[in-house]
Structure formats: C-alpha cells, structure tokens
Amino acid sequence: MMQMAFSLNGRRVDGEFDPAQRLLDFLRIERDLTGTKEGCGEGECGACAVLIDGTLVNSCLVLLGQVQGRVLLSIEGIATDDPLLESFASSGATQCGICTPGMVIAARALLDRIPDPTLDQVREALAGNLCRCTGYTRIYDAVLNASAMALPAAAPPVGAGGSA
Amino acid sequence: MSGLFVRPASLDEALAVHQQHGGRLAVIAGGTDLLVGWNLAHAPMPGCMDISGLQELQSIEIGADTVTIGAGVSCARIAAHAGIAADFPMLVECARQTGSIAIQNRATLAGNIMNASPAADNPPALLAYGAKITLASVRGTRCVDYDRFHVGYKRTVAAADELLTAITLPRGAAGRVHFHCKVGTRRAQAISKVALAALIEWDGDRLQSSRFAFASMAPVPLLARSLSDRLAGSRRGELRRDAIDAALAVDLQPIDDIRSTALYRRRVAKNLVIAALDAR
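Treat the numbers as computed from the prediction; the structure is a model and nothing was measured. (Residues numbered from 1 in each chain as written. Chains lettered and ligands numbered in written order. Predicted model: local features only at pLDDT ≥ 70, side-chain atom pairs only at ≥ 80, totals over all residues. Heavy atoms only, no water.)

### As for the interface of chain A and chain B
When the parts of a complex come together, some accessible area is lost, and that lost area is often taken as the interface size.
Then, in step 1: Each partner contributes to the interface: chain A provides 28 residues, whereas chain B provides 28 residues.
Then, in step 2: With both sides pooled, the region where chain A packs onto chain B buries about 2200 Å², and carbon together with sulfur makes up 55% of that total.
Then, in step 3: When the area that chain A buries against chain B is broken down by residue, the three leading residues are A:Leu61, A:Leu63 and A:Gln66, summing to 27%.
Then, in step 4: Where chain A packs against chain B, one counts one salt bridge.
Then, in step 5: In this structure, A:Glu124 and B:Arg96 form a salt bridge, with 2.6 Å as the shortest nitrogen-oxygen distance. (Contact = heavy atoms within 4.5 Å. Buried area = accessible area lost by both parts, 1.4 Å probe. Salt bridge = Lys/Arg side-chain N within 4 Å of Asp/Glu carboxyl O.)

Have a look at this one:
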C-alpha cells in the first residue's frame with residue numbers, strides 16, 4: 001500500500017491505496033466511477049480515456065502509483081454544461097454508448113488545446129478511440145459543432161453596449 | 001493485479017534500488033508496452049520501479065553539436081518540439097506515428113529502445129541519425145553507439161542493473177535527404193510490417209554516404225550496412241536494382257508472422273530503398 005494524494009474530478013483524494021493497480025480499476029472498483037469503460041485493455045480503443053494534468057491517457061495503461069500529486073479528470077468530472085454533451089446528443093453521435101465517455105474525454109483534450117479544430121485535427125485527435133456503431137462521421141460532426149457552440153460570440157459593434 | 005511498486009525520488013535512488021533488486025524490477029515510465037503485456041497475461045503484476053516522476057530525465061537540450069533527449073521525454077513532446085524537428089524530421093515523424101495521441105502522451109523514446117521490439121517505431125530514425133545512448137548504474141555511466149545496442153531478439157548490451165538515461169543525436173544532417181516511411185495495415189496505430197528511415201548525403205550526382213535503418217526486417221532494428229557499402233560512390237541513375245537486392249539479401253532476415261510475409265517485406269523494403277534514392 002502507498003500513502004497517496006491527488007485530485008480527482010476537482011476533489012482531493014487522500015489515503016492508502018494499492019499503487020500497483022491500474023488507474024482504470026481504481027476508478028471503476030474503488031471509486032465506483034463506472035463511466036470510464038474497459039474495451040481492449042491494451043491501449044487500442046480509448047474507451048478508458050481520462051485526463052492527467054489535462055493530458056489524454058488510457059487509464060488501462062497507467063498504474064495508480066504513477067498519479068501521485070496529479071490532477072485527474074474522468075468522464076464524471078466533465079461539466080454538465082460542457083457543449084460536447086449537448087452536441088453529442090443533438091448530432092446523433094451516440095449509439096450503444098460504450099465509446100462515448102472516451103470520445104468526449106479525447107474531444108475535451110483536443111478543444112482545450114485547439115478550440116476551433118479542423119476536421120483533420122478532429123480525426124487525428126480521435127484516432128485512438130474506436131467506435132463500432134456510428135461510422136465516426138457523426139462523432140466528428142459533434143466535436144466540430146461543440147467547438148462552434150463554445151466559441152465566443154463576435155464582439156458587439158462599437159457603441160452597441162450603451163453609454164459607459 | 002498487485003506487486004511491489006517502488007517510486008524513487010531521484011535518479012541516484014533509482015540506480016541504487018535497481019541494483020539492490022538485482023535488476024529484476026521492471027522499469028516503467030509510460031507503461032504503454034509493459035502494461036499491455038501484463039494485462040494480456042492476466043497474471044499478477046511483477047515488481048516494478050516507476051521512473052515517470054524523475055525530473056532529471058525530462059530535459060531536451062539543444063547543444064551546438066548535439067541534441068540530448070532525457071529518457072523520460074514522451075513521444076508527444078518530441079513530436080511537438082521545433083528544435084528537434086529542424087534537425088531530425090524523421091524522429092518527429094516516428095514519434096507522431098507511435099500509436100494514438102493518448103499513447104504518444106505517455107510513451108517514451110527510452111522505453112521504445114529498452115523494450116527492444118524489432119517492430120518499434122522510433123529506432124529506425126535513431127539508427128539513421130547515428131544516435132548514442134547513455135546507460136547508468138551505481139557502477140558508473142557509459143555511452144554506447146545505438147547501432148551496436150541491439151544484439152538479438154529482445155536482447156541488448158545493457159546490463160541488468162543499468163538504466164537508459166539519455167539519447168544523444170549528432171547535429172549537422174541538414175542538407176541531406178531524410179526519407180522515412182512506415183508501412184502498416186493502416187496509417188493510424190498499426191504496428192509496422194516494414195519501416196525504413198534513410199539518411200542520404202549526395203555530392204551533386206554522386207552518393208557520398210548513406211544510412212538505411214529498418215524495423216520489422218530482422219530480429220532487431222538494424223542498419224543495412226552492406227547496402228550502404230555497395231552504394232557508396234554510385235552516381236544517380238547508375239544504381240542497379242539487382243545490386244540493391246543482393247545487398248539487402250545480406251543485411252535483412254525478414255520472417256513470415258501474423259502481420260506480413262517475408263516475401264512481401266523483401267519487396268517493400270527494396271521499393272522503399274529505391275524511393276529513398278529517388279527522393280530529393
């Protein structure tokens with residue numbers, strides 16, 4: 001066991017944990033955060049994607065002991081008003097749902113880095129996330145739509161704000 | 001899954017711990033190769049030493065004559081580094097083709113070397129550029145030519161208690177032809193059937209020097225030395241395909257496996273060499 005402290009979805013986690021377990025198992029079994037899925041268990045499918053210090057990783061390939069002092073975000077920590085959630089629903093980007101949490105996490109990592117990505121950038125960012133239902137087009141649409149929703153509206157014309 | 005997990009706070013401590021355990025601890029950084037094996041084995045995790053937190057291994061130093069990359073630097077950092085891209089475009093391309101972005105964010109160059117897969121993505125570029133690697137243990141530090149590092153399938157010259165701490169690349173390859181091509185089942189995330197990184201120096205129409213480094217064509221990532229010997233001094237347009245064939249027959253030992261066949265690999269390897277020689 002190892003004394004550990006780190007941040008998980010905005011809350012501090014302190015305690016003694018088995019450092020040699022996979023981050024994926026810790027989230028699902030010890031924290032009951034089952035939004036993070038296990039697909040392949042070998043880093044091919046992205047269903048277990050989470051962010052560590054804002055960086056996209058596959059939690060099946062991370063040992064818990066490696067996240068000492070880090071900031072973790074799993075799908076449960078995504079803001080309920082994140083435009084990606086509305087956009088995935090309205091774009092028809094979700095079918096069976098197994099890949100969706102990983103897709104949303106990978107898309108969030110992309111939009112944090114590039115708020116207004118091209119289709120090619122979206123495709124590359126999601127290349128590590130497999131979906132066996134949608135054929136990807138609607139998922140790419142959802143990410144592009146979310147990016148458009150989140151961009152700040154054009155600045156109001158000069159003088160439109162009333163007297164200062 | 002559970003086993004001994006050690007997380008040293010410094011490189012010195014890591015070397016001491018590694019030696020105390022007789023080099024039997026698995027050394028883990030990104031975990032993108034090691035954990036795949038452990039997950040598939042469904043066996044208790046072996047004891048491991050995590051070096052991902054060691055700041056001493058995280059630097060990228062651009063010197064006058066060399067670039068030195070710490071063993072903990074991720075493929076993502078290499079892929080995004082303008083200073084590395086300027087001198088070593090093939091290394092940047094290899095790093096960008098090392099699995100998905102989630103993999104590149106974790107995978108390290110050092111792990112790709114020490115895991116010693118003949119199909120590893122980055123070794124061809126490192127061989128072509130004439131990399132040296134630094135191995136450290138409590139007994140001291142030594143620098144090894146990377147093209148003498150792999151000695152057999154998954155076997156290297158590293159002693160059990162040694163850690164790879166840095167990779168050093170000589171600068172000065174500007175103006176040469178840098179030709180890299182990875183051939184897999186698909187572009188994203190495939191393991192290579194054949195990969196070539198070639199660094200070719202032309203003096204006008206005369207081939208001055210060349211280094212052709214292959215993955216997935218032998219039990220180890222390797223330089224095709226016979227090919228370079230055969231080609232030295234040749235003129236453009238006088239390079240004979242049968243001579244390339246004969247040299248590659250000496251250098252390469254491809255096999256039939258789950259990803260491809262020896263016949264296909266030989267044909268593609270030759271075609272890649274010809275493409276490299278045609279590249280400007």
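### A short note on the sheet that holds strand β3 (residues 49-52) of chain A
Residues and elements named next belong to chain A.
Then, in step 1: Strand order across the open sheet formed by five strands is β2-β1-β5-β3-β4, with mixed pairing between neighbours. Each edge of the open sheet carries a strand with a single partner, namely β2 (11-17) and β4 (55-58). Strand-to-strand twist of the sheet, defined as the mean angle between neighbouring strand axes without regard to direction, takes the value 35°.
Then, in step 2: Here β3 runs beside strand β5 (residues 71-73); their pairing, made up of two bridges, is antiparallel. Bridge pairing in β5 links Leu 51 to Leu 73.
Then, in step 3: Packed on one face of the sheet, helix α3 (residues 100-113) meets β3, β4 and β5 and runs near 35° to β3. (Pairing = 2+ DSSP bridges. Helix = DSSP H or I, 4+ residues; strand = E, 2+ residues; numbered from the N terminus. Axes fitted to C-alpha atoms, helices over the stretch in contact; angles between N-to-C directions.)

### What to know about the environment of A:Gly65
Then, in step 1: One can find A:Gly65 in the loop between β4 and β5.
Then, in step 2: When the C-alpha positions of A:Gly65 and A:Arg11 are compared, they lie 18 Å apart, and in sequence the two are 54 residues distant.
Then, in step 3: Look past the residues within four positions of A:Gly65 in its chain and what remains in contact with it is A:Met2, A:Met4, A:Pro19, B:Phe5, B:Arg7 and B:Asp50.

### Considerations on the nonpolar core
Then, in step 1: Residues A:Phe6, A:Leu23 and B:Leu91 are the most contacted members of the largest nonpolar core, which totals 83 residues.
Then, in step 2: For this core, the element with the highest residue contribution is helix α5 (residues 89-96) of chain B, accounting for five residues.
Then, in step 3: Beyond its immediate stretch of four places on either side in the chain, A:Leu23 contacts A:Val50, A:Ile52, A:Ser59, A:Val62, A:Leu63, A:Leu64, A:Val67 and A:Leu72.
Then, in step 4: Residues B:Leu196, B:Leu207, B:Phe212 and B:Ile274 belong to the second largest nonpolar core, which totals 30 residues. (Core = buried A, V, L, I, M, F, W, Y, C linked by side-chain atoms within 4.5 Å. Buried < 20%, exposed > 50% of the residue type's maximum accessible area, 1.4 Å probe, protein only.)

### Focus on the side chain of B:Arg265
Residues and elements named next belong to chain B.
Then, in step 1: Tracing the chain through its elements places Arg 265 in helix α11 (residues 262-278).
Then, in step 2: Overall, Arg 265 belongs to the buried group, its relative accessible area being 1%.
Then, in step 3: Once you skip the residues sitting within four places of it in the chain, Arg 265 turns out to touch Ser 192, Lys 193, Val 194, Ser 216, Met 217, Pro 254, Ile 255, Asp 257, Arg 259 and Ser 260.

### Description of the environment of A:Gly54
Residue and element names in this part refer to chain A.
Then, in step 1: Assignment of secondary structure puts Gly 54 in the loop between β3 and β4.
Then, in step 2: Gly 54 sits in the partly exposed class, given a relative accessible area of 46%.
Then, in step 3: In sequence terms Gly 54 and Leu 72 are 18 residues apart; their C-alpha atoms lie 7.7 Å from each other.

### A closer look at unusual backbone geometry
Then, in step 1: A positive phi angle, close to 60°, is found at A:Asp32, a residue other than glycine.
Then, in step 2: Of note, A:Asp32 is situated in the loop between α1 (23-30) and β3.
Then, in step 3: A:Asp32 sits in the exposed class, given a relative accessible area of 59%.
Then, in step 4: Residue B:Lys154 is not a glycine yet carries a positive backbone phi of 60°.
Then, in step 5: When you line up the elements, B:Lys154 lands in the loop between β8 (150-152) and β9 (155-156).

### A word on the packing of aromatic side chains
Then, in step 1: Taken as a whole and judged by the stated rule, the model has six aromatic pairs over all chains.
Then, in step 2: Seen in terms of ring centroids, A:Phe17 and A:Phe26 are 5.2 Å apart; in terms of plane orientation they differ by 75°. Their pairing is edge-to-face.
Then, in step 3: Three or more aromatic residues link up through ring pairs in this structure, and these residues are A:Phe6, A:Phe17 and A:Phe26.
Then, in step 4: Between B:Lys193 and the ring centre of B:Tyr264, over which it is positioned, the NZ or CZ distance is 5.9 Å. (Phe/Tyr/Trp six-rings, centres within 6.5 Å; stacked < 30°, edge-to-face > 60°. Lys NZ or Arg CZ within 6 Å of the ring centre and 35° of its normal.)

### Quick word on the packing of helix α2 (residues 83-90) of chain A against α3(A)
Residues and elements named next belong to chain A.
Then, in step 1: Where α2 meets α3, the closest approach of the two axes is 10 Å, and the angle between their N-to-C directions is 130°. With respect to α3, the element α2 is oriented oblique. For the pair α2 and α3, the crossing hand works out as right-handed. For the pair α2 and α3, the contacting residues are Pro 83, Leu 84, Leu 85 and Phe 88 in the first and Thr 100, Met 103, Val 104, Ala 107, Arg 108 and Leu 111 in the second.
Then, in step 2: When the residues that make up the contact of α2 with α3 are grouped by side-chain class, the tally is eight nonpolar, one polar and one charged. (Parallel < 35°, antiparallel > 145°, perpendicular 65-115°, else oblique. Left-handed = near helix turned anticlockwise from the far one by under 90°. Nonpolar A, V, L, I, M, F, W, Y, C, P; charged D, E, K, R; others polar.)

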